[in-house]
Amino acid sequence: ELKVEQNPLFLSMQEGKNYTIYCNYSTTSDRLYWYRQDPGKSLESLFVLLSNGAVKQEGRLMASLDTKARLSTLHITAAVHDLSATYFCAVQDAGGTSYGKLTFGQGTILTVHP
Amino acid sequence: DTEVTQTPKHLVMGMTNKKSLKCEQHMGHRAMYWYKQKAKKPPELMFVYSYEKLSINESVPSRFSPECPNSSLLNLHLHALQPEDSALYLCASSPVRPGTSIGDNEQFFGPGTRLTVL
C-alpha cells in the first residue's frame, strides 16, 4: 500500500524567511502533485511533477522530485502572509488497476506571521 | 468550459434524509472521482468511474451510492447518513490523452460540497 508522509505538519514562519516542506512516499511513482488548500475551500493545483529531477517554480514556491529517493520538496522563498494555507503533496498510482488514484500526504499547515 | 462544477455548495441533512450531490464537467474527461475530506485531514478516494463504469469502490458504505449517467455528469446519492459522514466532498475529473491510459493524467478538482449530517 502506498504511503505518503509530509513533514513538518505544522510550520510557523516569519515573513521573509525560507523553508522547505518534505514529502516522502513508499513505492515507485514518477507522478507527484502539490496542492494548496485555503480554509473551507477546494484544492488548488500548484505543481505537477512527472519525472525524476523535475523542478518547477512559480513565484516564491519551487517544487522538485527525486524518484530514486522517493522524495519531493516544496521550497518557500521569502515567505509572505498570503502563502498561509495548508499544503498537500499527492502521489499518483498510474498502475492499470489504480485508475490514477491519488494518495495524499497528511498536509502541512503553514502560517506566515510578521 | 474548463472547470469542474459541484452542486450544492453546502448541504445540511438529517440522518433519515435522502439527498444527492452533483458533479459536472464539459471538458471531455472520461475519468471521474469522488473524494471525501474530513476536517484537518487529507482527501481520501471513495470512487472512480472510467468511461462511465464504476472502476474503484474503496470499500465505501452502501449509504453512499455513486452514479454516472453520462460522460459529463457524476452523482453521489446519500441515504441514512451518520453525523461522522459530515465532510467536504470533492469531485475530480481527468482526461485520457492520446497514447495514455486512465490514471496517467492530472485530476482537476471541483469546488466541493460541504456536507453536514445532523
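Check the entry above for the structure.
Residues numbered from 1 in each chain as written. Chains lettered and ligands numbered in written order. Predicted model: local features only at pLDDT ≥ 70, side-chain atom pairs only at ≥ 80, totals over all residues. Heavy atoms only, no water.

(A) Structural context of the sheet that holds strand S1 (residues 4–7) of chain B. All names here are of chain B. As summarised here, the arrangement of the 4 strands in space is S1-S3-S8-S7, forming an open sheet in which the pairing is antiparallel. The open sheet has two edge strands, S1 and strand S7 (64–70), and neither has a second partner. Taken pair by pair, the neighbouring strands of this sheet meet at an average axis angle of 20°, ignoring direction. (Pairing = 2+ DSSP bridges. Helix = DSSP H or I, 4+ residues; strand = E, 2+ residues; numbered from the N terminus. Axes fitted to C-alpha atoms, helices over the stretch in contact; angles between N-to-C directions.)

(B) Quick look at the sheet that holds strand S6 (residues 55–58) of chain A. Residue and element names in this part refer to chain A. Taken in spatial order, the 5 strands line up as S1-S3-S8-S7-S6 in an open sheet, and their pairing is antiparallel. Only two strands of the sheet have a single partner each, and these edge strands are strand S1 (4–7) and S6. Geometrically, the sheet is characterised by an average inter-axis angle of 15° between neighbouring strands, direction not taken into account. One ladder, built from 4 bridges, connects S1 with strand S3 (residues 19–25); its direction is antiparallel. Residue pairing for S3: Asn 7 is matched across the bridge by Tyr 22.

(C) Layout of the interface of chain A and chain B. At the interface, 22 residues of chain A touch 24 residues of chain B. Where chain A abuts chain B, roughly 1,700 Å² becomes buried across the two surfaces, and 55% of that area is made up of carbon and sulfur atoms. Contact with chain B buries surface across chain A, with Ser 42, Tyr 99 and Lys 101 of chain A losing the most and accounting together for 33% of the total. Connecting chain A to chain B are 1 salt bridge. In this structure, Glu 58 of chain B and Lys 101 of chain A form a salt bridge, with 2.6 Å as the shortest nitrogen-oxygen distance. Inspection of the chain A/chain B interface yields 8 residue pairs in polar contact (both at pLDDT 80 or more). Contributing elements (two or more residues each) for the side of chain A that touches chain B: strand S4 (32–37), strand S5 (43–49), strand S9 (85–93) and strand S10 (101–104) of chain A. (Contact = heavy atoms within 4.5 Å. Buried area = accessible area lost by both parts, 1.4 Å probe. Salt bridge = Lys/Arg side-chain N within 4 Å of Asp/Glu carboxyl O. Polar contact = N/O pair within 3.5 Å; in protein donor to acceptor, adjacent residues only side chain to side chain.)

(D) The packing of aromatic side chains, seen in detail. All told, the structure shown has 8 aromatic pairs over all chains when counted by the stated rule. For the pair Phe 64 of chain B and Tyr 89 of chain B, a centre-to-centre distance of 5.9 Å together with 35° between the ring planes defines the contact as tilted. Of this pair, Phe 64 of chain B sits in strand S7 while Tyr 89 of chain B sits in strand S9 (residues 87–94), placing them 25 residues apart in sequence. Taking relative accessible area as the criterion, Phe 64 of chain B reaches 4% and is therefore assigned buried. In textbook terms, an aromatic cluster arises when at least three aromatic residues are bridged by ring pairs, as seen for Tyr 33, Tyr 35, Phe 88 and Phe 104 of chain A together with Tyr 33, Tyr 35 and Phe 109 of chain B. (Phe/Tyr/Trp six-rings, centres within 6.5 Å; stacked < 30°, edge-to-face > 60°. Buried < 20%, exposed > 50% of the residue type's maximum accessible area, 1.4 Å probe, protein only.)

(E) Broad picture of the environment of Ala 63 of chain A. Residues and elements named next belong to chain A. Here Ala 63 is to be found in strand S7 (residues 61–66). Among the residues examined, Ala 63 registers a relative accessible area of 0% and is labelled buried. Separated by 13 residues in the primary sequence, Ala 63 and Ile 76 have C-alpha atoms spaced 9.0 Å apart. In this structure Ala 63 touches Trp 34, Phe 47, Leu 49, Ala 54, Val 55, Lys 56, Thr 73 and Leu 74, once residues within four positions along its chain are discounted.

(F) Layout of unusual backbone geometry. A cis geometry characterises the amide bond from Asn 7 of chain A onward to Pro 8 of chain A, with omega recorded as 0°. Following the sequence through the fold, Pro 8 of chain A ends up in the loop between S1 and strand S2 (10–14). With an omega of -10°, the peptide bond running from Thr 7 of chain B to Pro 8 of chain B counts as cis. Relative to the elements of secondary structure, Pro 8 of chain B occurs in the loop between S1 and strand S2 (10–13). Positive phi is not limited to glycine here, since Lys 40 of chain B has a value of about 65°. Note that Lys 40 of chain B resides in the loop between strand S4 (31–37) and strand S5 (44–50). Despite not being glycine, Glu 52 of chain B has its phi angle at roughly 70°, a positive value. Examined against the element boundaries, Glu 52 of chain B turns out to sit in the loop between S5 and strand S6 (53–57).

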